[in-house]
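# Structural overview
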Amino acid sequence: MQIPETPSSVVELDLMRRLDGYANGSASWLPGESAIGESAKQACRTLHTNLTNLVNRMFAFILDRVTAREMETFTMHDRVHGRKVAHLMWHILKPERRERLTPPEIGILIVAAHLHDLGMGLSPVERAERLAPESDLWDKLELQDSVRVGIEKLRAQIGDPDASDSVKRRAQQELFQAEEALLTQDTRERHAKRERYEEIINLLAEFHQRNPVQVPDIMASLSFDGFSFLEKVIDVCMSHNEDADALVSNDEKNFDRPRFPTNFPVGCCEADLHTVAAALRLADILDFDRERTPAVLFHYLLPGTLGGLENRSILEWSKHLAISNWHIDKDAVIFRGRSESHIIHHAVVQFCSVIADEIKATHATFSPLGETSWPFILPQSVKADIHEEGYRYVPYKFELDDDRVYSLLMGGAIYDDPLVAVRELVQNAVDACKLRDSLTRLYEDHAEPGKVNRIFIRYEEPTAQCPQARLIVRDTGTGMDAYTLERYFLQVGRSYYNSSDFNQIRVQLRKNNLDFAPISEFGIGFLSSFLLADHLQVETAIWESPRGDTAKRTLTIDGPTRLIRLNEQRNDGFARFKGTQITLFLVPKVSQNKEFSPASWEEIKDYLKEVCQDLPYSLNLEYVVDGNVVKEQIAPLPLTVKVPHHLESATVRIPVNDKEAGLEGEIALINQYVIYKLERALIEDATVKATPSSGDKVIPAVVTKTKYSHDSALLRGGFKIDQMVGLPRRYNSNIQSGARLRLTWNSRTDKRYLKPNLARNGMSNNWQMISQITRIWLTYCLKHTDELPEELLWEQNIPIVMDKFTWLEEFDALMIYRLAKRGWLTHLREQGISDKDFESWEKGKGDALWFNHDDLNRDLLDLIMPRVTNLQLRGSGIEFINPPRPDWLSVLATCRDYITSPVQWGAFVEYTGEIRDLLLYGDLNSTVSLNSRYQDRFASWDQKEMVQLRVILDDFIESLTEGEEVSLTPSEMPLFRRAVEVAGDLRIGTTSKSWTLDSFGVAEV
């Protein structure tokens, strides 16, 4: 069936013609086409007149006032759209159902077709208010970090005084485009709220009061036979932006009645509101309404995603598509058109799938009434027949192997410890309680939700009635209704806390300073339960449902088959069940074909104490055995690092409240030199006390063998996710620095915690965390150099190179030197160098100083000292540093670009002593390079070639020392041959063995 062309006026709509037939007696909705009484005819004439005036004089002008152009890139939500929706409502109904349309059904259909998108029309004043800096529109933007960053970048370009006019114009156009796309999204979310519809109705009523002659009475217009249908038409309009199950939900004000009854009385007639609401949502989406534009298309409406040509094609996509050419066949709805873009084509294909899903979902709401209850001629299949112009569309996509995905998630491939399932359940409970507390405070100003008796963990040993041990996690959080269960809980990889549903709530929380960052990220953690259990039970009921669904649901989930049994119970009254309770039926652990007992209570309790260190709620533990219940609690631990009392004086405690890194707590640096001296003193004391007969040294184990296990932890949302990273450490020490740091989220642009890895035993970007923690304590040391113990950083190392630490340039090179000097001086004293000799060196006099220790101090000095001095290499590869040049202090004091413009030790260094004649000394750990005595032979070589030669010769020495064959790649061979030409007579190697370059028989690989 081809849909006829949409009439050019409201009175020409088939719905209005039908109503006019009722008014003049030529048609009847009554059974058997019985005649309509005069009173009913008059009511129909009044309704016809009111609807005509309402649409022509009020609705049409408001729909046309979209002067902000926030819908420019979408199908126009103007009077044409409203009229077309009303036109489609008639034609998608079965002929026999059209003939039974009652006057109030027609009235609600006509009004809903024009009113449902009326909130889309923004006046210039409303547009300015939404884009104003104080608007909550920007609160929403804070939750979309990538869009926010893009808009800020464009604004920066516009305000850049050095930017060209063309760049500024382009940035201005893209900013307008981005703001309009954002405004579109905002308007789309807001327009179908009850308060928005009531705002419009009240505005129209105000217009009538000001000009009752020209402006019709909105209240009288939305009635039939003296009975108003205003509330129900608003409800119908709201439902078009909700899921289809809203059609069969219960009335919020009267839970015993349906929200959309099939026999709602209006005057002398009844209205089937279920059919009316379904007709609106189906006709609306069949007009390719962009409220439901696939996300892929909206993504490309933002600037900078595509090239200019493709981007313009996306923006003008409706002009490229003759998509109005569609018809209804017996088996499918078919949309036909043309496209020059594969993205547009794919968007249309996607949208056809959305339409099909909508038809199926709406059809399902009629299914309980029987197949004959479906009042529409629409089949459930929707197809796109798009002719490609200049490309070939192939809908390739990745397919996931469900069994493989489940085996990865449930089989331990991600989680290395089955006990993580306990953490995941507690984590979900914490998020649910936080959300409930925030919503409680939002709706009840003086409410103070408690922190105790909110989360319970119960372990029940096997009994005669239940042969499996059970672990039960219960919370008093928000709970879940059918909508949340189906859309999020049962969708692997889809987290409620990363959804638009949650983000809409979060905007309101932020406006009232009640925001919180959820811990959940990935939507897969619950499946870890099957690492401990073969089946489980979920009991849940929502605290307060926006959909009026407070039923208690029990899901029994079988792990191996993934089958779910659902039981629903009525859940009314003050004492009704609220929250979620999950029961795991524990199974034996299996390892290498051996079966062990299920996870014990002691294991679970110890794990909880280890992981749950900083929760906002106390954990109530219950252990049930032989009918007895043992109770205890886990409370938050302080953010202070415990160290043995005798080491307190050797500890530097650094308070942390760093917004840039999003960290707070404490770092405790251990003075390793104190530990070293203590060990040495005890060893010497034990040696003195050793008996002459045995001659054995009695070395106290507490110092030399027992590793000190402090309570260091990186805490995310209250849970320990890793041992501390980024702290300095001494490799041969059993006592290390520690920290207790809590991740914060308030100062982060996305208002979320940093993401962990999937297993939650580390950060997704561990190196970033190492860098940030290193920055915190090293910055503290640089700012407090004179207050710290001189040898604090002695023999300390960090697991990251410093050449990317641009933040170091906050400090000049002299400050770097002053900190590094203290640890270096400690080493020199250990080597017998006096302070007087060191002072002489600093004055540019005396001998070179020992410089061979590999630690943090050396790393810092390597960043700055190449600018003011050079190295020399002595026998056995020992490095020394020559006295600095006379102006070295002023050079360092004015240097702040040692990271961004580095100066490194040169390609050549002075060789002295027994290695003075070697071209290269083969110490692979040395930072120096070739002998400066032969530097003139390589005068034509650049720095890159010298580095490559050094690597080649180092490999030679290593291979020859180990008796292996020397080989080179084809790209390396020419470089080596050049080296032989200029230095073939020179030797490389060690003090015990060396080779001339021209003596190598080199194989090419």
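Note that residues are indexed from 1 along each chain, following the sequence as it is written. Since the coordinates come from a predicted model, pLDDT governs what is reported: local features require at least 70, and pairs of side-chain atoms require 80 or more to be given and counted, while whole-chain, interface and lining totals use all residues. To obtain the side-chain values, all non-hydrogen atoms of the structure were used and water was disregarded.

## A word on the overall build of the protein
Just so we agree on the cut-off: A helix here means a DSSP run of H or I that spans at least four residues, while a strand means a run of E at least two residues long, and both kinds are numbered starting from the N terminus. Note on exposure labels: buried denotes an accessible area under 20% of the residue type's maximum, exposed denotes more than 50%, and partly exposed covers the range between, all computed with a 1.4 Å probe on protein chains only. Throughout, a residue-residue contact means that at least one pair of heavy atoms, one from each residue, lies within 4.5 Å. Accessible surface area values rest on a Shrake-Rupley calculation with a 1.4 Å probe, where residue burial reflects the displayed protein chains alone.
Helix and strand content of the protein: 31 helices and 32 strands. Burial analysis of the protein (1005 residues in total) assigns 53% to the buried set. Counting only contacts in the protein whose residues sit at least 6 apart along the sequence, the fraction spanning at least 24 positions is 71%. Split by element, the accessible area of the protein, about 47200 Å² in all, is 50% carbon and sulfur.

## Looking at the side chain of N571
Put simply, the test is: Here a polar contact means two N or O atoms within 3.5 Å. Within protein one must be a hydrogen donor candidate and the other an acceptor candidate, and residues neighboring in sequence count only if both atoms are side-chain atoms.
Looking at the secondary structure, you find N571 in the loop between β12 (564-569) and β13 (579-586). From its side chain, N571 meets the backbone oxygen of T550 in a polar contact 3.0 Å long. Engagement of the side chain of N571 in a polar contact is seen with the backbone oxygen of F577, the distance being 2.8 Å. Every residue in contact with N571, bar those within four places of it in the chain, is listed here: A541, T550, A551, K552, R576 and F577.

## Some words on the nonpolar core
Formally: The nonpolar core is taken to be a set of buried Ala, Val, Leu, Ile, Met, Phe, Trp, Tyr and Cys residues, with the residues joined through side-chain atoms within 4.5 Å.
The biggest cluster of nonpolar side chains holds 102 residues, and the ones touching the most others in it are I667, W777, L808 and M865. For this core, the leading source of residues is helix α26 (residues 813-830), giving nine residues. In terms of nonpolar packing, the next biggest core, distinct from the first, is built from 88 residues, M58, I106, L280 and Y391 among them.

## Thoughts on the sheet that holds strand β28 (residues 930-931)
Note: strands within a sheet are paired through backbone hydrogen bonds, in either parallel or antiparallel orientation. Let me state the cut-off plainly: DSSP-based pairing: two strands are paired if at least 2 bridges between them are found.
Taking strand neighbours across the sheet as the criterion, the five strands line up as β23-β25-β24-β26-β28 in an open arrangement whose pairing is mixed. For this open sheet the edge positions go to β23 (849-850) and β28, each flanked by a neighbour on one side alone. Here strand β24 (residues 871-874) pairs with strand β25 (residues 878-881) via four bridges, running antiparallel. Directly across from L873, in β25, lies its bridge partner E879.

## Some remarks on the packing of aromatic side chains
Both the distance between ring centres and the angle between the ring planes are used here to describe each pair of aromatic rings. Stated formally: For this analysis, a ring pair means two rings from Phe, Tyr or Trp (six-membered ring only for Trp) whose centres lie within 6.5 Å, classed as stacked if their planes differ by under 30 degrees, edge-to-face if by over 60, and tilted for the remaining angles. Geometrically, a charge over a ring is one whose NZ (Lys) or CZ (Arg) sits within 6 Å of the ring centre while staying within 35 degrees of the ring normal.
As enumerated under the stated definition, the model contains 29 aromatic pairs in all. Ring geometry for Y673 and W794: centres 5.0 Å apart, planes at 75°, overall edge-to-face. With a gap of 121 residues between them, Y673 in helix α23 (residues 672-689) and W794 in the loop between α25 (766-783) and α26 connect regions that are remote in the sequence. Taken together, Y817, W824, F838, W841, F851, W888 and W905 form an aromatic cluster joined through their ring pairs. Above the ring of F880, the side-chain terminus of R874 is found at 3.6 Å from the ring centroid. Over the aromatic face of W941 sits the side chain of R978, whose NZ or CZ is 4.4 Å from the ring centroid.

## Notes on the confidence of the model for the protein
As a reminder of what qualifies: pLDDT expresses how confident the predictor is about each individual residue, on a scale running from 0 to 100.
Scored by pLDDT, the protein comes out at a mean of 84, with 87% of its residues at no less than 70. Predicted confidence for residues 65-77 stays below pLDDT 50, and this span has 44 contacts to residues more than four positions away or in other chains. Residue range residues 693-707 is modelled with pLDDT below 50. Its contacts to residues more than four positions away, or to other chains, number 15 contacts.

## Points about the packing of helix α5 (residues 103-115) against helix α13 (residues 273-286)
Working note: a packed helix pair is described by the angle between its axes plus the distance between those axes. To keep things clear, this is the line we draw: Fitting a line to C-alpha atoms yields each axis, with helices limited to the stretch in contact; the angle taken between N-to-C directions then spans 0 to 180 degrees. Roughly parallel means an angle under 35 degrees; roughly antiparallel, over 145; roughly perpendicular, 65 to 115; everything else is oblique. Handedness of each helix crossing follows the sense of rotation of the near helix against the far helix: counterclockwise by less than a right angle gives left-handed, clockwise gives right-handed. Polar here means any residue outside two lists: the nonpolar Ala, Val, Leu, Ile, Met, Phe, Trp, Tyr, Cys and Pro, and the charged Asp, Glu, Lys and Arg; Gly therefore counts as polar.
One can describe the packing of α5 onto α13 by two numbers: an axis separation of 10 Å at closest approach and a directional angle of 30°. On the basis of their axis angle, the class for α5 and α13 is roughly parallel. Here α5 runs over α13; the crossing is right-handed. Touching E105, I108, L109, A112 and A113 of α5 are L273, V276, A279 and L280, all from α13. Tallied by class, residues from the contact of α5 with α13 come to eight nonpolar, no polar and one charged.

## Side note on helix α30 (residues 943-961)
For clarity, the threshold we go by: Multiplying 1.5 Å by the residue count of a helix minus one yields the expected span of that helix.
For α30, spanning 19 residues, the distance from its first C-alpha to its last is 27 Å, which sits close to the expected 27 Å at 1.5 Å a residue. Burial in α30 covers these residues: E945, M946, L949, R950, I952, L953, D954, F956, I957 and S959. Contacts from the buried residues of α30 go to β26 (908-911), β27 (920-921), β28, β29 (967-968), α31 (973-983) and β30 (987-989). Capping of α30 at its N-terminal end is provided by D942; its side-chain oxygen lies 3.2 Å from the backbone amide nitrogen of K944. Phi turns positive one or two residues past the end of α30, at G963, with a value near 75°.

## Some thoughts on the pairing of β13
Burial runs high along β13: eight of the eight residues are buried. Burial along β13 is two-sided: G579, Q581, T583 and F585 and T580, I582, L584 and L586, pointing in opposite directions, are all buried. In terms of strand pairing, strand β9 (residues 470-475) meets β13 through six bridges, oriented antiparallel. If you follow D475 over to β13, its bridge partner there is T580. As paired elements, strand β10 (residues 533-541) and β13 share eight bridges and run antiparallel to each other. By the bridge assignment for β13, V538 is matched with I582.

## Thoughts on the packing of α26 against helix α28 (residues 856-864)
Interaxial distance between α26 and α28 falls to 9 Å at its minimum, and their mutual angle equals 145°. For the element pair α26 and α28, the recorded crossing hand is left-handed. Contact residues: A813, I816, Y817, L819, A820, G823 and W824 in α26; N857, L860, L861 and I864 in α28. Of the residues assigned to the contact of α26 with α28, the class counts are nine nonpolar, two polar and no charged.

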